[in-house]
Amino acid sequence: MQFRPHFKEYMWGGRKLGDVLGKPLGNGTSYAESWEVVDHGEDQSVVDNGPLAGRTLHSLVEEFGQPLLGSTASQFPLLLKYLDAQQNLSLQVHPDDDHAAMLTPPDRGKTEAWVVLHADPNSVIYAGLKRGFDRAAFDRELQRGTGHLCVHQIHPEVGDCIFIPAGVVHAIGAGLLIAEIQQASNTTFRLFDWNRVGADGQPRPLHLEQGLMVTDYGRGPVEKQVAHPTDRDHVERLVVCNKFVLDRWTTSFSHDFPCDGRFHMLTVVQGAVRIEHPLMSDPLGRGSTVLIPAERETLALDAIEPTIMLDMYLPGGP
Ligand SMILES: [Zn+2]
């Protein structure tokens, strides 16, 4: 299944989602996010190909459950998006599942991981509190408008992967184009917004109390993920956590993609790949995403040029 991209325009966005990833943007100037696969309340992916065209992902989860997901759930559990940060995103933190379940309305927690597709020179990612900042010390700096000075900085390069568990304070800096895999949640507590104002001339609201409550003060600075080899030469494992697995394929060849009883989300970050299937007439180019249901035949994937592709799925065996 392929979906229509679901765009979000925020003050920090731009036009790279169209210029670099070929997304069909409108005339706006602040396209911040392209939600590739989402089933979260009103935010719904809509199928773009085949006999299910026009259906929302949520309606497919309700109708097909196990054959689609490989397990049963009331909501598709993961959310995949691309982000174009022309300005810094706010310094923020997300709750874990336990904290998010207590919200009104309840939500999932949000653990997320990023893969850098483009990085301007001197761009920065903020990830994890520096050592020694407890709640009181961090709160004091936030009140002074200097909360970002408490947060560890990473200088990202193309291909870097950063893993942000729920509770880790973070900000994506200006000049980055990123693919993000996360739990299907939309709960963000904004801690600091760089002393700027939104389109209406007002500062965007902060959520200091909730943010300080869900921050994990024990975790410390976050460093770039180390890619681990797998039993397949063309596949590296970037993240394994209890919410998702993130693999990266680097290949110029054809590969079988056997059924493992799980759904997979594939997105192409460089090159192009053909999936041998009657519903897939065109190859997937840069920025294209496909959702492969859990119940299926073995597929053949054919990289038609040097290709880098992300593969995201739920952890644990079928
Ligand atoms: Zn975030």
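Residues numbered from 1 in each chain as written. Predicted model: local features only at pLDDT ≥ 70, side-chain atom pairs only at ≥ 80, totals over all residues.

### Focus: the overall build of the protein
Looking only at helices and strands, the protein has five helices and 22 strands in total. Computed over its C-alpha atoms, the radius of gyration of the protein comes to 19 Å, within 12% of the 20 Å expected for a compact globule of 318 residues. Overall, the protein is about 60 × 45 × 40 Å in size when its C-alpha atoms are taken along their principal axes. In the protein, buried positions account for 42% of the 318 residues. Restricting the contact set of the protein to residue pairs at least 6 apart, pairs at least 24 apart contribute 73%. (Helix = DSSP H or I, 4+ residues; strand = E, 2+ residues; numbered from the N terminus. Rg over C-alpha atoms; globule rule 2.2 N^0.38 Å. Buried ≥ 20, exposed ≤ 12 C-beta atoms within 10 Å, placed from the backbone. Contact = placed C-beta atoms within 7 Å.)

### Here's the deal with the sheet that holds strand β16 (residues 245-251)
Overall, antiparallel pairing links the six strands, which are arranged β14-β15-β16-β22-β18-β20 in an open sheet. The open sheet has two free edges, formed respectively by β14 (228-229) and β20 (289-292), since each of these has just one partner strand. Relative to strand β22 (residues 307-313), strand β18 (residues 264-270) runs antiparallel, the two sharing five bridges. Residue pairing across strands places threonine 267 opposite leucine 310, the latter belonging to β22. (Pairing = 2+ DSSP bridges.)

### As for the pairing of strand β10 (residues 161-164)
Going residue by residue along β10, you find Cys161 and Phe163 tucked away on one face and Ile162 and Ile164 tucked away on the opposite face as well. In this structure, strand β7 (residues 112-119) lies alongside β10, joined through four bridges in antiparallel fashion. The residue of β10 that forms the bridge with alanine 113 is phenylalanine 163.

### So, helix α2 (residues 57-69)
Taking 1.5 Å per residue as the helical rise, α2 with its 13 residues ought to reach 18 Å, whereas the 11 Å between its terminal C-alpha atoms falls clearly short. Along its length, α2 reaches its greatest deviation from straightness, about 90°, at glutamate 63, and the proline proline 67 lies no more than four positions downstream. Tucked into the core, α2 has its buried residues touching β2 (31-37), β3 (39-40) and β4 (43-44). Looking one or two places after α2, you find glycine 70, whose phi comes out positive at around 85°. (Expected span 1.5 Å × (residues − 1). Bend = angle between axes of the 7 residues up to and from the residue.)

### Looking at the environment of glutamate 305
By the element assignment, glutamate 305 lies in the loop between β21 (299-303) and β22. Residue glutamate 305 is classed as exposed on the basis of its 11 C-beta neighbours within 10 Å. In sequence terms glutamate 305 and leucine 91 are 214 residues apart; their C-alpha atoms lie 38 Å from each other. Excluding residues within four positions of it along the chain, glutamate 305 makes contact with Gly271 and Ala272.

### Things to note about the domain arrangement of the protein
One can read the domain layout of the protein as domain 1 (6-214) and domain 2 (228-313). Averaged C-alpha coordinates put domain 1 and domain 2 at centres separated by 23 Å. Listed per partner, the contact involves 23 residues of domain 1 and 23 residues of domain 2. Looking at the side of domain 1 that touches domain 2, the elements with two or more residues in it are β2, α2, β5 (78-85), β7, β10 and β12 (176-183). When its residues are assigned to classes, the side of domain 1 that touches domain 2 shows 15 nonpolar, six polar and two charged. (Domains from an automatic or database assignment. Nonpolar A, V, L, I, M, F, W, Y, C, P; charged D, E, K, R; others polar.)

### Focus: the nonpolar core
Ranked by size, the top nonpolar core spans 85 residues in total, and within it Leu78, Ala113, Val115, Ile162, Ile178 and Met312 carry the most contacts. Two domains each put at least three residues into this core: domain 1 (6-214) and domain 2 (228-313). In contact with isoleucine 178, not counting residues within four places along its chain, are Leu83, Trp114, Val115, Val116, Leu117 and Ile172. (Core = buried A, V, L, I, M, F, W, Y, C linked by C-beta atoms within 7 Å.)

### A look at the sheet that holds β10
Pairing within the open sheet is antiparallel, and its six strands lie in the order β1-β2-β5-β12-β7-β10. The open sheet has two edge strands, β1 (6-14) and β10, and neither has a second partner. Taking each pair of neighbouring strands and ignoring which way they run, the sheet shows an average axis angle of 25°. Pairing geometry for β2 and β5, over four bridges, is antiparallel. For serine 34, the partnering residue across the bridge sits in β5 and is tyrosine 82. (Axes fitted to C-alpha atoms, helices over the stretch in contact; angles between N-to-C directions.)

### Describing unusual backbone geometry
The omega torsion across threonine 104 and proline 105 is -10°, close enough to zero to call that bond cis. Tracing the chain through its elements places proline 105 in the loop between α3 (97-101) and β7. For asparagine 122, which is not a glycine, the phi torsion comes out positive at approximately 70°. With respect to the helices, strands and loops of the structure, asparagine 122 is situated in the loop between β7 and β8 (125-129). Accessibility expressed as a C-beta count within 10 Å gives 9 for asparagine 122, which makes it exposed.

### Concerning the environment of arginine 204
Note that arginine 204 resides in the loop between β13 (189-192) and α5 (208-214). For arginine 204, a count of 14 C-beta atoms within 10 Å corresponds to the partly exposed category. Expressed as a C-alpha distance, the spacing of arginine 204 and aspartate 193, which sit 11 residues apart in the sequence, is 7.3 Å. Setting aside anything within four residues of it in sequence, one finds arginine 204 in contact with Arg190, Asp193 and Gly198.

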